[in-house]
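# Structure assessment
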Amino acid sequence: MTLLSPPRPGHTVWRRFRRHRGAVAGAAVLGFLVLAVLLGPWLWSLDPTYIDVRARSAGPSPAHPLGTDQLGRDMLARLLAGGRVSIAVGLAAMAVSLGLGTLIGVLAGFFRRLDSLLMRLTDLFLALPVIPLVLVAVMLFREPLNHSFGPQAGIFVLVVLAIGLTSWMPTARVVRGAVLELKEREFILAARGIGTPDAAIITRHVLPNVASPILVSAALGTANAILTESALSFLGLGFPPDFPTWGRLLSDATVYLQDYPGRALWPGGLICLTVLGVNYLGDGLRDAFDIRGDAR
Amino acid sequence: MLSYALRRLLFAVPALLFIALVLFALLELAPGDPMAQLPLTIPPEVRADMRAALGIGESAHIRFGKWLWQLFAVEPMALADRALGTDMAADSQRMISWQTRGPVMDTIIQRLPQTLWVVGMAYVVGVLIALPVGVISACRQHSVFDQAGTFVTMVGYSVPPFFSGVLAIVIFSVQLGWLPSIYDTTHQVTDWHSFTVQLRQMVLPVMVLSLQTTAQLSRYTRAAMLDSLHQDYVRTARAKGLSETAVVLGHGLRNSLIPVVTVIALGLPQVFGGAIITEQIFKVNGLGQLLITAIQAGDLPMVQTITFLLAVMVVLANIAADLTYGLLDPRIRQEGRP
C-alpha cells in the first residue's frame, strides 16, 4: 500500500511558476539571450574589433547581417560581445549586492543588538544618490585600477563594486523581515533548544528558508545592475570605447542617429528585452514563492 | 505631531553628515593626487592656491571640518547675502570651481531653474497620469485596461531613459519631424508663439522622464487601491448604499493615498538621477549636465557640491514623505517609528 505523499515544495513552486505566462516568456527570452552571447563567438566568428574601413556604415548584407558601424566593425559581433559584458556585469554586481544584503539582513534580523544599528546604516545608504555617486567613484578610481588590473578588468571590477556597494539595501530589508518572522518559529527554537550554535542555525535553518526572497531580489537586482551599467556607459563613464557593451554601443550610435537609427535601436532594444525578461522572471518567482512584498 | 516632526528632522542631521563623510572619504581614499588631472597650463602659484583651498597637506579630519564649514555655513551665508544684500560671507573662502574659477554655487544657481522646470513638469505630468491609471486598473482588476496598464508599467520599468529618449528623438524628431530634439534654454517666452515653441521643446524630455514616474507610481497606486478595496469598511460603505464613485474615491483612494504619497515624495530624487541622462540626451544645460561636464573636466569642488545637493534632496524628500505620512495617518505619529 502506498501512502499519499504531500507534494514536494519545489514541485508546487515549479507548477505555479509555469502558470505565470509572462514569467515563462521572460525566462525563455532571457535564456535565449544568455545562450546567444555565450555561444556567440562560435556561431558568429567575426572579430568585434576588426576594422574594415571599406565597409563602414554598411547596411545589412549576408556578410554583416546587422550592418557595420562607422569604422566598419560588424554590428552583430559587437552586439554579442557587448551582451557578454553587460550580462556579466549585471550578474557580478548582483552577486556583490546580494551577498552584502543577505549578510546585513541576516545579522540584523538574527541578532537583536545589531538590528537598530544596521537598519540605521541601511537607511543612510538609501539616502545616497546612486548614479552621481557611482559616477564620482568611476571618475576617481578609474586610472589607479587600470594600472593595477589592466584597462578592461580594472573598469569591470570598478563598475561591479560601485553598483554592488550602492544597491544592497532593498535585499537587506527584505531578508531582515523574513529572518525576524522566521526566528520565532518552532524549528528554530527547537534547534536552539538542543544547543545548536548560532552560526549553524543561520547556515542550516535560516538561510535555506529565506532563499526565496533572496532569489527574487537577485532577479530584480540583475535588471537594475544592467540598467546602471548601461547608463554609465551611455554617459561615457563606463567601459572604454574599444570595449563594447550595450550601453556603450547605444551611446556611440546616438551620434549617427539621424542617418542610421537602426544602430541605436539594436543595443537599446536588447537592453530593454533583457531587463523586461528579468523583471517578468522576478514577478513570476515572487508569485510562485507566494511572497507578499511591495510592488518593487 | 510636533515631536514626531522634530524626531524626523533630527534624523536628517546624521544622514547629511554621513553623506558628506562618504563623499569626502571617496575623495580621500581615491589613490593618487586629485590635482593630477589638471591641465598643465595652470601656473604653479595658482596651483598652490588651489591646493590650499582644498587643504591638501593638513590632516584629514581638519580638512573634513573645513569642508563641512564651507558647505553648511559659508555657502548658505553667501546665498543669504545674494538674496538680502548683506555681506556676512564677504571675507570667507568660498568653494571655487576649477572650471569657471568662480564660486561653485553661482554656477549651480544659474543651472538649477532649467532642471527644476523640466523635472518638476515631468513629475507633475507623471503623477497626474499615474493616479487615474492606477485607480482604474484596481477597480477593473484583470480587465483589458488593467492588463494593458501592467504591460505599459513593465515596459516603463524596463526601458531606460537613455533608450526611450533616443527612441523618442528617432520617432518624433527624425521620422515625423514634429518636435525639436534639442532643448533651447536661451529661449524667452514673450508672446503666444514663443510660448508654443517652449511647449513643443518641453514635450520630449518631459515625456521621457514622466514615463518612468508613471510606470512606478501607477503600479503602487494599483496595489494600494487593491489593498484598501478589500477592506471591511469598503464593504460597509457599499452595503449602506453609497454610489460606486463615492466608495472608490472617498473610501478606497483616500486610504490608499497614504503609501502613494510616500512613493511620490521618495521618487522625486530618483527623477533627478534620471534627469542627468535625460539632460544629456536633449542637451538641457541643467544640473545633471553640469555634473557630467564637471566629472569629465575633473572639477572636484563642483562634483562634490552637486552630489551633495542631490543627496540633500533625497534627505528632504524622505522627511517630506515621513511628515505627510504622519499627517495622513494618526497611528504613525502616535507610535514612534512607522
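Residues numbered from 1 in each chain as written. Chains lettered and ligands numbered in written order. Predicted model: local features only at pLDDT ≥ 70, side-chain atom pairs only at ≥ 80, totals over all residues. Heavy atoms only, no water.

### With respect to the overall build of chain A
- Across its full length, chain A carries 12 helices and zero strands.
- In chain A, the succession of helices and strands from N to C terminus is α-α-α-α-α-α-α-α-α-α-α-α.
- Buried residues in chain A amount to 50% of all 296 residues.
- Across chain A, the fraction of contacts at a sequence separation of at least 24, relative to all contacts at a separation of at least 6, is 68%.
- Total accessible area on chain A is roughly 14400 Å²; 64% of this is exposed by carbon and sulfur atoms. (Helix = DSSP H or I, 4+ residues; strand = E, 2+ residues; numbered from the N terminus. Buried < 20%, exposed > 50% of the residue type's maximum accessible area, 1.4 Å probe, protein only. Contact = heavy atoms within 4.5 Å. Areas by Shrake-Rupley, 256 points an atom, 1.4 Å probe, with all protein chains shown as cover.)

### Let's talk about the overall build of chain B
- Helix and strand content of chain B: 12 helices and zero strands.
- Starting at the N terminus, the α and β elements of chain B follow one another as α-α-α-α-α-α-α-α-α-α-α-α.
- Here chain B holds 338 residues, and the buried ones make up 46% of them.
- Nonlocal contacts in chain B, meaning residues at least 24 apart in sequence, comprise 70% of its contacts between residues at least 6 apart.

### A short note on the side chain of Thr221 of chain B
- By the element assignment, Thr221 of chain B lies in helix α7 (residues 192–229).
- Leave out the neighbours within four places in its chain, and Thr221 of chain B touches Ala130, Leu131, Gly134, Val135 and Val260 of chain B.

### A short note on the environment of Arg331 of chain B
- Mapped onto the fold, Arg331 of chain B is located in helix α12 (residues 330–334).
- A C-alpha to C-alpha distance of 43 Å links Arg331 of chain B and Gln289 of chain B, two positions 42 residues apart in sequence.

### A short note on the domain arrangement of chain B
Residue and element names in this part refer to chain B.
- Taken domain by domain, chain B holds domain 1 (2–28 + 110–334) and domain 2 (32–94).
- Placing a centre on the C-alpha atoms of domain 1 and another on those of domain 2 gives a separation of 34 Å.
- Note on domain 1 versus domain 2: buried area summed over both sides is about 980 Å², and carbon and sulfur give 80% of it.
- Linking domain 1 to domain 2 there are zero salt bridges.
- Where domain 1 packs against domain 2, one counts zero residue pairs in polar contact (both at pLDDT 80 or more).
- Those elements that place two or more of their residues in the side of domain 1 that touches domain 2 are α1 (2–29) and α11 (300–328).
- Ranked by residue count, the leading element in the side of domain 1 that touches domain 2 is α1, at seven residues.
- Looking at side-chain class alone, the side of domain 1 that touches domain 2 contains eight nonpolar, one polar and one charged residues. (Domains from an automatic or database assignment. Buried area = accessible area lost by both parts, 1.4 Å probe. Salt bridge = Lys/Arg side-chain N within 4 Å of Asp/Glu carboxyl O. Polar contact = N/O pair within 3.5 Å; in protein donor to acceptor, adjacent residues only side chain to side chain. Nonpolar A, V, L, I, M, F, W, Y, C, P; charged D, E, K, R; others polar.)

### What to know about the packing of α1 of chain B against α11 of chain B
Residue and element names in this part refer to chain B.
- Interhelical geometry of α1 versus α11 gives an angle of 160° and a closest axis separation of 10 Å. Between α1 and α11, the interaxial angle falls into the category roughly antiparallel. Crossing angle aside, the handedness with which α1 passes α11 is right-handed. Judged by residue contacts, Tyr4, Ala5, Arg8, Leu9, Ala12, Ala15, Leu16, Ile19, Ala20, Leu23 and Leu27 of α1 engage Leu300, Gln304, Thr307, Phe308, Ala311, Val312, Val315, Ile319, Asp322, Leu323 and Gly326 from α11.
- Broken down by class, the residue content of the contact of α1 with α11 amounts to 17 nonpolar, three polar and two charged. (Axes fitted to C-alpha atoms, helices over the stretch in contact; angles between N-to-C directions. Parallel < 35°, antiparallel > 145°, perpendicular 65-115°, else oblique. Left-handed = near helix turned anticlockwise from the far one by under 90°.)

### Here we look at the interface of chain B and chain A
- Each partner contributes to the interface: chain B provides 49 residues, whereas chain A provides 45 residues.
- Carbon and sulfur atoms make up 81% of the area that chain B and chain A hide from each other, which totals about 4100 Å².
- Linking chain B with chain A are zero salt bridges, by the criterion used here.
- Those elements that place two or more of their residues in the side of chain B that touches chain A are α1, α5 (144–158), α6 (161–175), α7, α9 (244–282), α10 (287–297) and α11 of chain B.
- Looking at the side of chain B that touches chain A residue by residue, the class counts come to 38 nonpolar, nine polar and two charged.

### Considerations on the packing of aromatic side chains
- Using the criterion set out here, one finds four aromatic pairs over all chains in the structure.
- Joined through ring pairs, the aromatic side chains of Phe125 and Trp168 of chain A together with Phe18 of chain B make up one cluster. (Phe/Tyr/Trp six-rings, centres within 6.5 Å; stacked < 30°, edge-to-face > 60°.)

### A word on a nonpolar patch on the surface
- A grouping of Val34, Leu35, Leu38, Leu39, Trp42 and Leu43 of chain A is seen on the molecular surface, where their side chains present a nonpolar patch of about 660 Å² in accessible area.
- Position of Trp42 of chain A among the secondary structure elements: in helix α2 (residues 21–43). (Patch = residues over 30% accessible without salt bridge, like charges linked within 9 Å, V, L, I, M, F, W, Y side chains within 5 Å.)

### Examining helix α10 (residues 211–234) of chain A
Residue and element names in this part refer to chain A.
- Its 24 residues give α10 an end-to-end C-alpha distance of 34 Å, which sits within 8% of 34 Å, the value for a rise of 1.5 Å per residue.
- Of all 24 residues making up α10, 20 are buried, and the element is well covered by its neighbours.
- Among the residues trailing α10, Gly236 stands out with phi positive, at a value near 80°. (Expected span 1.5 Å × (residues − 1).)

### A short note on the environment of Leu131 of chain B
Residues and elements named next belong to chain B.
- Here Leu131 shows up in helix α4 (residues 104–139).
- The class of Leu131 is partly exposed, set by a relative accessible area of 23%.
- Sequence-distant contacts of Leu131, that is, excluding residues within four places in its chain, are made with Thr221 and Val260.

### Considering α7 of chain B
- Spanning 38 residues, α7 of chain B covers only 46 Å between terminal C-alpha atoms, well under the ideal 56 Å at 1.5 Å per step.
- The largest bend in α7 of chain B is about 35°, located at Val203 of chain B, with the proline Pro205 of chain B one to four residues further on. (Bend = angle between axes of the 7 residues up to and from the residue.)

### Notes on the pattern of salt bridges
Residues and elements named next belong to chain B.
- According to the stated counting rule, one finds four salt bridges over all chains in the structure shown.
- For the salt bridge of Arg222 with Asp146, the shortest nitrogen-to-oxygen distance reads 2.8 Å. Of this pair, Arg222 sits in helix α7 while Asp146 sits in helix α5, placing them 76 residues apart in sequence.
- Two residues, Arg238 and Glu244, come together in a salt bridge whose shortest N-O distance is 3.0 Å.
- A relative accessible area of 39% means that Arg238 is categorised as partly exposed.
- The exposure class of Glu244 is partly exposed, given its relative accessible area of 43%.

### Some details on the side chain of Ser217 of chain A
- Along the chain, Ser217 of chain A turns up in helix α10.
- In this structure Ser217 of chain A comes out as buried when scored by relative accessible area, which is 16%.

### Side note on the packing of helix α8 (residues 232–239) of chain B against α9 of chain B
Residue and element names in this part refer to chain B.
- Contact pair α8 / α9: the axes reach a minimum separation of 10 Å and the direction vectors enclose 160°. Between α8 and α9, the crossing angle belongs to the class labelled roughly antiparallel. Taken as a pair, α8 and α9 cross one another with a handedness that is right-handed. In contact with Tyr233, Val234, Ala237 and Arg238 of α8, α9 contributes Glu244, Val247, His251 and Asn255.
- Its residues placed into classes, the contact of α8 with α9 shows four nonpolar, two polar and two charged.

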